[in-house]
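Tertiary structure, described
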2 protein chains.
Amino acid sequence: MLRFLLFLLLLGGPGALPAPRRRRGAASPTAPYRTRYLRQQIDHFGFDENLTFQQRYLVADQHWKKDNGPILFYTGNEGDITWFCNNTGFMWDVAEELNAMLVFAEHRYYGESLPFGNESFSDSKHLNYLTSEQALADFAVLVEYLKMTVAGARYSPVIAIGGSYGGMLAAWFRMKYPHAVVGALAASAPIWQFGDLVPCGTYFSIVTNDFKKSGTGCSESIRNSWNAINHLSSTDAGLQWLSSTFHLCSPLKNLQDAAMLKNWLSETWINLAMVNYPYKADFLQPLPAWPIQACTEMVMPMCTDGVNDMFEPQKWDFDALSEECYKVWGVRPRPSWILSMYGGKNISSHSNIVFSNGGLDPWSAGGVTQNITDSLVAIVIPDGAHHLDLRSRNPLDPKSVQQARALEICYMKQWIEKARHSH
Amino acid sequence: MLRFLLFLLLLGGPGALPAPRRRRGAASPTAPYRTRYLRQQIDHFGFDENLTFQQRYLVADQHWKKDNGPILFYTGNEGDITWFCNNTGFMWDVAEELNAMLVFAEHRYYGESLPFGNESFSDSKHLNYLTSEQALADFAVLVEYLKMTVAGARYSPVIAIGGSYGGMLAAWFRMKYPHAVVGALAASAPIWQFGDLVPCGTYFSIVTNDFKKSGTGCSESIRNSWNAINHLSSTDAGLQWLSSTFHLCSPLKNLQDAAMLKNWLSETWINLAMVNYPYKADFLQPLPAWPIQACTEMVMPMCTDGVNDMFEPQKWDFDALSEECYKVWGVRPRPSWILSMYGGKNISSHSNIVFSNGGLDPWSAGGVTQNITDSLVAIVIPDGAHHLDLRSRNPLDPKSVQQARALEICYMKQWIEKARHSH
């Protein structure tokens, strides 16, 4: 059961959060931006097929100081870049203070940045260029292009900012292309949710803790619900009762249907934990999932034991994932590649990265929550859910997120100042 | 004329030096080594085709301290790895002092490490995976594999060492995979011979200076030779005279033939400058050239003016190179990619790289010859030719190369010591 959920989760990845859509009725937090496109190589790492595509990016320079003022560069993750642009209010909030240009770069294979148009998702051949390495190369080429072509930006210090998978990209962008960005803010970025870097069960125990805090008996009720559903599913009357209680459009007919109900419930509990914000956020539109990445390099081990968490016990089963990936996409995951590529826990030689984490966010399980060096800094926001710090300022923000943002701004100013002195 | 030579040169690249073959009659500088193979992905950056090949590497651990003693890791360049193993005597000379294991990793597409066997060079499709990025990924996976599988190597500090293009790889390896190697010795590595990072003519003016130093009127004679050859080539008698004077196997028949003679002469002058060693080195077997890399990412602008150098004037002509590449391989070079990928001159955030340069070596034109930071250090060996420091100790070594090696060893010890303290 849960294996299927995990698979979905993994396909959804850290960004499979309900989409950060503009709050209904609320004023747009964003000022106007311009939409631009840059012709990118589909394959940065091979030269045989010289195919290109148009990468979309958004630019807002109302507050930019044209004499090499800084650029805040959002490293787009799995979704339409306008969603992230409209829901990363933090960047809009600080643009004036930092005299910064804002750039939101769309991740290839999402939004309008489709390497092969409608064919992009048709098979593993067309999906072959959907990797973090290619996405980072897009970003590096785009940053270089901006510096070369935008008047007054030649020596602009660029700071990468991203949340969730986009936060991983922001951190990795600084690690792999430190000449392109002077620093990175990686919000709720589970860069260690790979291999055996962190226990596979922590993610679900954080979800469980959120429910423990939310009311007496809450997590216990959920833990008990699975057996109750299993029991009810064993009879037609029970299935009927479940169907009517949950107001299902089509009634449950068998154990498979009941398993899907359990998956749906599990996913709901997880999503609620991730978007446990201090104010109403109309977060209902699911982002498109990673269509193939969890089957290639983004292999994030997950497990439950039903003791430290409120879910049905399920061991991490790489072989099952691999079989499923092969069946669906014809590809096999390479779980150790991401460790060889990005260094696992051995990243202390890098610099100028702030990793922020929400204490309520299950993805903090795979995040960097302790300082590694003076310039690889962890921020923990005890009351924060999934990259709350990247959202617009809000009167209901807890003090902890206000402080986190202040600290993030402080680090960004330091990076900018240092870059200025080096020219 | 020279354009064709430049093209050849570029195809040959910085490693198109006459091959470092073992000196005839001299004792082998190398102790025994074991030959090993590791199965590598042909495409590290894509997951559609899951093809693999066997990468060869050589191991010598006679002097290795098995309790996490250091590993000196030669980042193989364009050639059979046994050549480099037998001609990088420096590593063999210091192994005992550093208690180090020696590993020589073969570059994909060379020696026995052929991704598609005999088909590897058949066309641009098969050559598609011959890039520096794929080669570095091979190295990263191999280092990880060694640490995981060799008993006592789990926390061994690894130092990358390479010369010429291999030196570029050593530097880039440290830049891109600092978790894999604690430092790098990049000998005669022209990492700045790209874009407009250095003047395109310096390379040939260094060749010229070598000849100026070697005798009065020497470079002038060579400079005058081109017009003399041109003049002689305009008559049958002149062509005949040239053919007999140079003892040519087949006589020159026309201007094209004479142009080939001039190319051959130019190449000879360049090679003599590169291997201007203080002792007899039997360096006659040419390395296989980069079969396609100069047509993809390794675009090194070169030019001559006949004033600051002794060659016929020839501007750098990218368009001509591009046309030639398209005609020969069906690919177009991307001259700016290497700058986006490896940062050009903006590399100060990296650490622990020693760049050594020979003052006699034309490739020092594109090398790092000034310290960038305390841990990005340049060493210049005024009397040194192309990576003389990587060769075995020799009684005829000038003091400058002895000191350079001593300094290199000093830095390596510091990196090793620091790594030890971090565990």
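Scroll up to find the structure.
Described below are features of the structure shown in this document. (Residues numbered from 1 in each chain as written. Chains lettered and ligands numbered in written order. Predicted model: local features only at pLDDT ≥ 70, side-chain atom pairs only at ≥ 80, totals over all residues. Heavy atoms only, no water.)

A few words now on the state of the cysteines. The final tally for this structure, using the stated rule, is 4 disulfides over all chains. Linked covalently through their sulfurs, C295 of chain A and C325 of chain A form a disulfide whose S-S length is 2.0 Å. The sign of the S-S torsion, about -80 degrees, decides the handedness of the disulfide formed by C295 of chain A and C325 of chain A: left-handed. Of the two residues, C295 of chain A sits in the loop between α9 (255-274) and α10 (318-329) while C325 of chain A sits in helix α10, which places them 30 residues apart along the sequence. Residue C200 of chain B pairs covalently with C303 of chain B via a disulfide, S to S 2.0 Å. With the S-S bond torsion at 85 degrees, the cross-link from C200 of chain B to C303 of chain B turns out right-handed. Taken as a pair, C200 of chain B in the loop between β6 (183-187) and α6 (202-214) and C303 of chain B in the loop between α9 (255-274) and α10 (318-329) lie far apart in primary sequence, 103 residues in all. Here C303 of chain B falls in the buried class, since its relative accessible area comes to 13%. Each bonded cysteine of chain A gets a number by its place in the sequence, and the pairs then read 1-3, 2-4. (Disulfide = S-S within 2.5 Å. Helix = DSSP H or I, 4+ residues; strand = E, 2+ residues; numbered from the N terminus. Buried < 20%, exposed > 50% of the residue type's maximum accessible area, 1.4 Å probe, protein only.)

For the rest of this paragraph, the subject is the packing of α6 of chain B against α9 of chain B. Residue and element names in this part refer to chain B. Running from N to C, α6 and α9 cross one another at 75 degrees; their axes reach a closest spacing of 9 Å. Compared by their axis directions, α6 and α9 come out roughly perpendicular. For the pair formed by α6 and α9, the contact residues are Y203, F204, V207, D210 and F211 on the first element and W269, I270, L272, A273 and M274 on the second. (Axes fitted to C-alpha atoms, helices over the stretch in contact; angles between N-to-C directions. Parallel < 35°, antiparallel > 145°, perpendicular 65-115°, else oblique. Contact = heavy atoms within 4.5 Å.)

Within the largest apolar cluster, 228 residues are counted, with the highest numbers of intra-cluster contacts made by W172 and F173 of chain A together with W172 and F173 of chain B. The residues contacting F173 of chain A, other than those within four sequence positions of it, are F73, T75, L136, F139, A140, V143, A160, P178, A180 and V181 of chain A. (Core = buried A, V, L, I, M, F, W, Y, C linked by side-chain atoms within 4.5 Å.)

Moving on, we get to α6 of chain B. The terminal C-alpha atoms of α6 of chain B lie 18 Å apart, and with 13 residues this matches the ideal 18 Å at 1.5 Å per residue to within 8%. Looking at α6 of chain B, one finds that the buried residues are Y203, F204, S205, I206, V207, T208, D210 and F211 of chain B. (Expected span 1.5 Å × (residues − 1).)

This part takes up the interface of chain B and chain A. Each partner contributes to the interface: chain B provides 39 residues, whereas chain A provides 39 residues. Across the chain B to chain A interface the summed buried area is about 3,400 Å²; carbon plus sulfur atoms make up 53%. Taken as a group, F45, F47 and R334 of chain B account for 25% of the area that chain B buries against chain A, more than any other trio of residues on that side. Linking chain B with chain A are 0 salt bridges, by the criterion used here. Taken together, the links from chain B to chain A amount to 16 residue pairs in polar contact (both at pLDDT 80 or more). When residues in the side of chain B that touches chain A are grouped by element, the largest group, 6 residues, is from helix α4 (residues 132-149) of chain B. (Buried area = accessible area lost by both parts, 1.4 Å probe. Salt bridge = Lys/Arg side-chain N within 4 Å of Asp/Glu carboxyl O. Polar contact = N/O pair within 3.5 Å; in protein donor to acceptor, adjacent residues only side chain to side chain.)

Residues and elements named next belong to chain A. A complete count under the given rule lists 20 salt bridges over all chains for this structure. Between D80 and R56 there is a salt bridge; the shortest N-O distance is 3.0 Å. Taken together, the residues D80 in the loop between β3 (71-75) and α2 (81-87) and R56 in strand β2 (residues 52-60) connect sequence positions 24 residues apart. Note on D80: relative accessible area 22%, which makes it partly exposed. A residue is classified by how much of its surface remains accessible, and R56, at 5% relative accessible area, is buried. R108 is the partner of D138 in a salt bridge, and the nearest nitrogen-oxygen pair spans 2.7 Å. With D138 in helix α4 (residues 132-149) and R108 in the loop between β4 (101-105) and α4, this pair connects stretches of sequence that are 30 residues apart.

Once that is clear, we can look at the packing of helix α7 (residues 218-233) of chain B against α9 of chain B. Residue and element names in this part refer to chain B. It is the contact of α7 with α9, at a shortest axis distance of 10 Å, that shows an interaxial angle of 165 degrees. Taken together, the axis directions place α7 and α9 in an arrangement best described as roughly antiparallel. In this structure, the crossing between α7 and α9 has a hand that is right-handed. Residues I222, W226, I229, N230 and S233 of α7 touch α9, and the partners they reach there are L255, A258, K262, L265, S266 and W269. Here the contact of α7 with α9 is built from residues that sort into 7 nonpolar, 3 polar and 1 charged. (Left-handed = near helix turned anticlockwise from the far one by under 90°. Nonpolar A, V, L, I, M, F, W, Y, C, P; charged D, E, K, R; others polar.)

If you rotate chain B by 180 degrees and push it 0.0 Å along the axis, it lands on chain A with an RMSD of 0.0 Å. Taken together, the rotation angle and the small translation identify this as a two-fold axis. Closest approach to the rotation axis within chain B is made by the C-alpha atom of K176 of chain B, at a distance of 2.8 Å. Residue by residue, 100% of the interface of chain B is reproduced at the interface of chain A, so both copies engage with the same surface. (Least-squares fit on C-alpha atoms with pLDDT ≥ 70 in both.)

Tracing the backbone through its elements, the reader meets S124 of chain A in the loop between β4 and α4. Each residue touching S124 of chain A, except ones within four places of it in the same chain, is listed here: I292, W329 and V331 of chain A together with D48 of chain B.

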